[in-house]
Amino acid sequence: MANWQDYLKLMRSLTRTLEELAQVERDKNAAASAGDLRGVEECMKREQVLSLTLRGYDQKRDALLAGLGLTGVTLSQLEDHSPDEYQLETKKVVEDLQRQYTMFQAASEVARHTLEINLHAIERMQAVQAGDSGEAEENRKTHQTDFRA
């Protein structure tokens, strides 16, 4: 049953990575709220690294599930397919992963919303500035005098 233990170990690693990703989302929200563009960019870089990690886990998960003969089994069905001696442990791992995923989704949604609000504010400021510079240009044209000798 080493394969089953390997699968549970992978699910625990996935849970920790989602926890990290949720923290990155909270950090990104804080940076966006503070108008810290550099901080937002740093968080986005961290997100990219963690996304690559998640892709690697996904490939390992597929291989482990295939090795266990469980291709196509969803996370919520996993407990039903686990060996009896690992059923409680599997249930806990699945619940932890699902809970962490929910927390990540919530943090991600808040960060996305904050970024959208700040982006709209920036767009409005740019429109106002463009309008002001457009008005200034128009004023300069109407107040120019043609001095020819």
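Counting of residues starts from 1 at the beginning of each chain's written sequence and follows it residue by residue. Totals for whole chains, interfaces and linings use all residues, but because this is a predicted model, local features are given only for residues with pLDDT of at least 70 and pairs of side-chain atoms are given and counted only at 80 or more. Side-chain metrics in this entry use all non-hydrogen atoms of the structure; hydrogen atoms and water are not considered.

Student: Which residues make up the pattern of salt bridges, and what values go with them?
Tutor: Salt bridge criterion: a side-chain nitrogen from Lys or Arg within 4 Å of a carboxyl oxygen from Asp or Glu. Under the counting rule described, the total for this entry stands at 10 salt bridges. Ionic pairing is found between Glu-89 and Arg-12, a salt bridge with its closest N-O pair at 2.3 Å. Placement of the pair is Glu-89 in helix 4 (residues 87-142) and Arg-12 in helix 1 (residues 2-33), with a sequence separation of 77 residues. Since its relative accessible area comes to 28%, Glu-89 is described here as partly exposed. Here Arg-112 and Glu-116 are joined by a salt bridge, their closest N and O atoms 2.5 Å apart. Residue Arg-112 and its partner Glu-116 are both found in helix 4; the two are separated by four residues, about one turn of the helix. Residue Glu-116 is classed as partly exposed on the basis of its relative accessible area of 35%. Every helix listed is a DSSP run of H or I at least four residues long, and every strand listed is a run of E at least two residues long, numbered separately from the N terminus. When accessible area is computed with a 1.4 Å probe and restricted to protein chains, residues below 20% of their type maximum are described as buried, those above 50% as exposed, and intermediate ones as partly exposed.

Student: Let's hear about the nonpolar core: which residues, and what values?
Tutor: A general feature of soluble globular proteins is that nonpolar side chains tend to end up buried together. By size, the foremost hydrophobic cluster in this structure holds 24 residues, and its most contacted members are Trp-4, Tyr-7, Met-11, Leu-14, Leu-70 and Leu-78. Going through the elements one at a time, helix 1, helix 2 (37-67) and helix 4 are the ones with two or more residues in this core. At 10 residues, helix 1 tops the list of elements feeding residues into this core. If sequence neighbours within four positions are ignored, Leu-70 has contacts with Trp-4, Leu-65, Leu-78 and His-81. We call a set of buried residues a nonpolar core when its members are Ala, Val, Leu, Ile, Met, Phe, Trp, Tyr or Cys and they connect through side-chain atoms within 4.5 Å of each other. Contact criterion: two residues are considered in contact whenever any of their non-hydrogen atoms come within 4.5 Å of each other.

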